[in-house]
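Close look at the chain arrangement
Below are the chains, spelled out letter by letter.
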Amino acid sequence: MRFRHPDGSVVHLSYCTNVHPAETLDGVRAQLRDHCEPVRRRLGRDRLGIGLWLARDAARALTNDPAELRALRAELDSRGLEVVTLNGFPYEGFGADEVKYRVYRPDWTEPDRLAHTTDLARLLAALLPDDVTEGTISTLPLAWRTPYATDPGAPRTARTALTTLAQRLDALAELTGKSIRVGLEPEPGCTVETTADAIAPLTDVGHERIGICVDTCHLATSFEDPGTALDALTAAGIPVVKSQLSAALHAEHPHLPEVRTALAAFAEPRFLHQTRTRTAAGLRGTDDLDEAIAGGALPDSTPWRAHFHVPLHAPPAPPLTSTLPVLHTALTRLVGGAAPLTRHLEVETYTWQALPAELRPRTRTQLADGIAAELTLARDLLVDLGLKELP
């Protein structure tokens, strides 16, 4: 979905396909047929943007066979789908029964991460619509904190990898005329947990094609103020290459038994749900929601937020809620001003099948309805901010 910003630029809205597990190229094609095109039809649009997730095996198949890449581009066109952004955070196994810490490997100290991201950049340059010259890729924020912190050489290794990536992106732009930018995506528990944490390493890299991806669920989970965060990035000259529109789980009164019971329904075995609370002494947290619920690990006199991407249009029932207001505030700052801070927005609710059983979609039809409803909400927010939806 495309929108005209009042300054005349085009802002793209898509939804991320990591909600549909697929490790192979055949699986990606099935996603387009079974999910993406039905969502487009529900929205009554001739064209729908998707934030494509290409796992390692799918990316390698496309890289190794130009004919397959041309066929994928043709299929996107025939189904009324377009790709301007990729989710390069998960490497493989995102549809496994247990993902948890595995999603952070390989990290930016490992050669496979640089190789995979380079492949994604080359693929995206080929998949961009003919009238689009800029693509974006989100990636993990260097590494999960613990292995990185114990390796004194890790910061230099990661910086070298990102600098090499920037050089490759420059060469790709010269070769293809397509500018691909990559954004570190701050996430609780990682080396770069907050937008503030991103400033120093990105300043060290110092390249316009390497910036930040602002995920509004992660922003909210860490209790960051959107205005303060975005102002600091602007002041530091760090580009917001894309933003993922998502909402976290919020518990206002975590000391109450009924709140703990409600939270427990979201503690599931597949994904990591980092949980945070803000105290007078600073931010406190656990790596997963069940650790917080068990008691004693977190103070419960202040609100909790958990890294659980809840559907934008359907916040959980009381006594829980979502951080949709944080998303709204962030979006206002991102695209509501005289000029957009980013032109790529991506709805990223990958946790539909991790929701409590009574909230999960049971059919493809229900899932498509839910994704379409999220995109409708995001579209309405953009229109309210003065953007005009384009055909």
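Values in this document were obtained by computation on a predicted structure and should not be read as measured data. Residue numbering note: each chain is counted from 1, following its sequence as written. Given that the model is predicted, a residue must reach a pLDDT of at least 70 before its local features are reported, and side-chain atom pairs must reach 80 or more before they are shown or counted; all residues, however, enter totals for whole chains, interfaces and linings. The side-chain figures draw on all heavy atoms in the structure; neither hydrogens nor water molecules are used.

It is worth spelling out the pairing of strand β14 (residues 344-347) at this point. Of the two faces of β14, the one lined by His-344 and Glu-346 and the one lined by Leu-345 and Val-347 are each fully buried. Strands qualify as paired when DSSP identifies two bridges or more between them. Numbering of helices and strands runs from the N terminus, with a helix taken as a DSSP run of H or I at least four residues long and a strand as a DSSP run of E at least two residues long. As paired elements, strand β2 (residues 10-16) and β14 share 4 bridges and run parallel to each other. Along β14, the bridge assignment pairs Leu-13 with Leu-345. Here strand β8 (residues 240-245) runs beside β14; their pairing, made up of 3 bridges, is parallel. In the strand pairing of β14, Leu-245 is matched with Val-347. Buried means the residue's accessible area, taken with a 1.4 Å probe over protein chains only, is under 20% of the maximum for its type, while exposed means over 50%, and partly exposed covers the values in between.

Turning our eyes to something else, we now look at helix α13 (residues 364-384). The span expected for a helix works out to 1.5 Å for each residue beyond the first. Under the 1.5 Å per step criterion, the end-to-end length of α13 is 30 Å for 21 residues, consistent within 8% with the ideal 30 Å. Along α13, the residues classified as buried are Leu-367, Ala-368, Gly-370, Ile-371, Ala-372, Glu-374, Leu-375, Leu-377, Ala-378, Arg-379, Leu-381 and Leu-382.

A few words on helix α4 (residues 111-127). Taking 1.5 Å per residue, 17 residues should reach 24 Å; α4 reaches 25 Å between its end C-alpha atoms and fits that length. Burial within α4 is extensive, with 12 of its 17 residues counted as buried. Buried within α4 we find Arg-113, Leu-114, His-116, Thr-117, Thr-118, Asp-119, Leu-120, Ala-121, Leu-123, Leu-124, Ala-125 and Leu-127.

Read across the sheet, 5 strands follow the order β11-β10-β12-β9-β13 without closing on themselves; strand pairing throughout is antiparallel. In the strand order of this sheet, the two ends are held by β11 (282-286) and β13 (320-322), each with one partner. Taken over all neighbouring pairs, the strand axes of this sheet differ in orientation by 30 degrees on average, direction set aside. Both strand β9 (residues 247-251) and β13 contribute to a ladder of 3 bridges, which runs antiparallel. Counted as the bridge partner of His-250 is Thr-321 from β13. Only C-alpha atoms enter the line fits that serve as axes; for helices the fit covers just the stretch in contact. Angles between N-to-C directions range over 0 to 180 degrees.

Turning next to the packing of helix α2 (residues 56-64) against helix α3 (residues 66-78). Across the interface, α2 lies against α3 with an axial gap of 5 Å and an inter-helix angle of 110 degrees. It follows that α2 is roughly perpendicular to α3 by the angle criterion. Two secondary-structure elements touch here, α2 through Ala-61, Leu-62 and Asn-64 and α3 through Pro-66, Glu-68, Leu-69 and Leu-72. Its residues assigned to classes, the contact of α2 with α3 comprises 5 nonpolar, 1 polar and 1 charged. Here roughly perpendicular refers to angles of 65 to 115 degrees, roughly parallel to angles under 35, roughly antiparallel to angles over 145, and oblique to all remaining angles. Here, residues are in contact when the closest pair of their heavy atoms is within 4.5 Å. When residues are sorted by character, Ala, Val, Leu, Ile, Met, Phe, Trp, Tyr, Cys and Pro go into the nonpolar class, Asp, Glu, Lys and Arg into the charged class, and all the rest, Gly among them, into the polar class.

Turning to empty space enclosed by the protein, a few remarks are in order. Cavity and pocket criteria rest on a 1 Å grid covering protein atoms alone: a 1.4 Å probe that fits but cannot get out defines a cavity, protein on both sides within 12 Å along at least 5 of 7 lines defines an open pocket, and an atom within 4 Å of a point defines a lining residue. Grid points are joined across faces, edges and corners, and a volume is the space filled by probe spheres set on the points. For the structure on display, the rule yields 4 cavities of 30 Å³ or more. In this structure, the largest cavity spans a volume of roughly 160 Å³. Forming the boundary of the largest cavity are 18 residues, of which Phe-94, Val-103, Glu-187, His-307 and Tyr-350 lie nearest the centre. Looking at the lining of the largest cavity residue by residue, the classes come out as 9 nonpolar, 5 polar and 4 charged.

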